[in-house]
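# Fold and geometry: a report
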Amino acid sequence: MPAPAHLDPRLLRAFVTVAEELHFTRAATRLYVAQQALSRDVRRLERELGCELFVRTTRQVTLTADGERLLPYARAVLQAQDDLLAAAGQARPLLVDLNSPGLTTPRRVLHRARELAPAHELMARYESGLTGAAGELLAGRLDVSFGRFAGLAPALRAGLDQQPVRHEPMAVVLPEDHPLAALTEVPLAALAGETVYAGAGNPRTPEWTDLARSLFEGRGIALAPPAPLAVGEEEFQRIMSRTRHPILAVVDFPPLPATVLRPLVDPIPLSPVSLVWRKGMIHPALDALRRAAAAVAAEEGWLRRPDGGWLPDRDIVVMAGR
């Protein structure tokens, strides 16, 4: 069989990863693909090259003689590709939106990515909400953001890709003299009759307000009307101290003076957090950011849903990667 005129680098990366792991499931996890898709890619490469690269049994995977011979060449091709992408990426940093200063989830992922890719510049930005960031992502003025992907409008989602990162338990911020502040955990039923602020009217965070509306429905919890858009912690605190409304938040929400943060329970409402980027975007640091998100999520159990965890059906579908 004549040599193919072109080989898809994706197929070579599939081959090299399986050769390094000698295990299709572990290789698929490294590449963020389904095992079946990885097996198809390896089979396709074998057909195009006209030789078998692996011996597969129910117990083990080993390289054939042809696989051993071709492995250093495949690695050289992929290294050349990585060098090319790195050279292209040196022109600018990867711009990573962390939503707001002090939020733990995106900050931890960014810090791990910097450890994994010290040669690349990853710069933090703060766009407040995923809807606000999505327009910047699609325009190419921002590279990556975090947030509730299912809460975006379909037209925005169509141009973006996502990777689930965390089911983050939700909480409520209360004035320190609020009657519920004495509790260590606040049952959702205890908020019946309360008016809770969840960003209504903020054009950058409608995905958060929509999540709150779904959570409050049928529980006697009112959604606070729009408040003046406060920029900065001091202004936010001033506006909230005037209304004295409890604030819907997440368990890692940064502390505010004269307030307490209490986790919500019975059920535990979850805020679904995804890593989001523009479809087709190529940047050498994006892979490091995705690997960092997967690693931290696995270490912390971020993608496990607690017993009794609450999440809208459409978010369950998105967070399952479907």
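As a starting point, this report considers the structure included with it. This is a predicted model, so every value here is computed, not measured.

Moving on: the overall build of the protein. Within the protein, the secondary structure is distributed over 11 helices and 13 strands. By its C-alpha atoms, the protein is 75 × 45 × 35 Å across when sized along the principal axes. Counting the 322 residues in the protein, one finds 44% classified as buried. Counting only carbon and sulfur atoms, one obtains 54% of the accessible surface of the protein, whose full area is about 16,200 Å². When the 37 basic and 37 acidic side-chain charges of the protein are each reduced to a single mean position, those positions are 4 Å apart.

Quick look at the pairing of strand β6 (residues 160-175) now. Among the 16 residues in β6, 14 count as buried, and that is most of the element. Two elements, β6 and strand β12 (residues 268-278), share 9 bridges in a ladder whose sense is antiparallel. Looking across to β12, one finds that Gln 163 is bridged to Leu 275. In this structure, β6 lies alongside strand β10 (residues 247-250), joined through 4 bridges in antiparallel fashion. If you follow Met 170 over to β10, its bridge partner there is Val 250. Relative to strand β11 (residues 259-265), β6 runs antiparallel, the two being bridged by 5 bridges. Directly across from Ala 171, in β11, lies its bridge partner Pro 263.

Among the secondary structure elements, Asp 143 is positioned in the loop between α6 (130-139) and β5 (144-147). Looking at Asp 143, the relative accessible area reads 1%, which means it is buried.

Taking 1.5 Å of rise per residue, 13 residues should cover 18 Å, and helix α1 (residues 9-21) covers 18 Å from first to last C-alpha, within 8% of that figure. Leu 11, Leu 12, Ala 14, Phe 15, Val 16, Thr 17, Val 18 and Ala 19 are the residues of α1 that are buried. With a side-chain oxygen positioned 2.9 Å from the backbone nitrogen of Arg 10, the residue opening α1 is Asp 8. Looking one or two residues past α1, Leu 22 carries a phi angle of roughly 50 degrees, positive in sign.

Moving on, we get to the pattern of salt bridges. Scanning the entire structure with this criterion turns up 19 salt bridges. Of the charged contacts, one joins Glu 299 and Arg 112 as a salt bridge, the two residues approaching to 2.9 Å between their closest N and O atoms. Of the two residues, Glu 299 is situated in helix α10 (residues 284-300) and Arg 112 in helix α5 (residues 104-116); the sequence distance between them amounts to 187 residues. When its relative accessible area of 22% is taken as the criterion, Arg 112 is described as partly exposed. Notably, a salt bridge pairs Glu 127 with Arg 204, separated by 2.5 Å at the nearest N-O pair. With Glu 127 in the loop between β4 (122-125) and α6 and Arg 204 in the loop between β8 (195-196) and α8 (206-216), this pair connects stretches of sequence that are 77 residues apart. Using a relative accessible area of 18% as the deciding quantity, one classes Glu 127 as buried. Beyond isolated ion pairs, a larger network of salt bridges with shared partners links Arg 148, Asp 210, Arg 314 and Asp 315.

On to the environment of Arg 10, then. Checked against the element boundaries, Arg 10 lands in helix α1. Looking at Arg 10, the relative accessible area reads 43%, which means it is partly exposed. For Arg 10, the residues in contact, after removing those within four places along its chain, are Asp 41 and Arg 44. Engagement of the side chain of Arg 10 in a polar contact is seen with the side chain of Asp 41, the distance being 3.0 Å.

Here is what the cut-offs are and how they apply
- Residues numbered from 1 in each chain as written.
- Predicted model: local features only at pLDDT ≥ 70, side-chain atom pairs only at ≥ 80, totals over all residues.
- Heavy atoms only, no water.
- Helix = DSSP H or I, 4+ residues; strand = E, 2+ residues; numbered from the N terminus.
- Buried < 20%, exposed > 50% of the residue type's maximum accessible area, 1.4 Å probe, protein only.
- Areas by Shrake-Rupley, 256 points an atom, 1.4 Å probe, with all protein chains shown as cover.
- Lys, Arg positive; Asp, Glu negative; His and termini not counted.
- Charge placed at Lys NZ, Arg CZ, Asp CG, Glu CD.
- Pairing = 2+ DSSP bridges.
- Expected span 1.5 Å × (residues − 1).
- Polar contact = N/O pair within 3.5 Å; in protein donor to acceptor, adjacent residues only side chain to side chain.
- Salt bridge = Lys/Arg side-chain N within 4 Å of Asp/Glu carboxyl O.
- Contact = heavy atoms within 4.5 Å.

In short, geometric facts, not functional conclusions.
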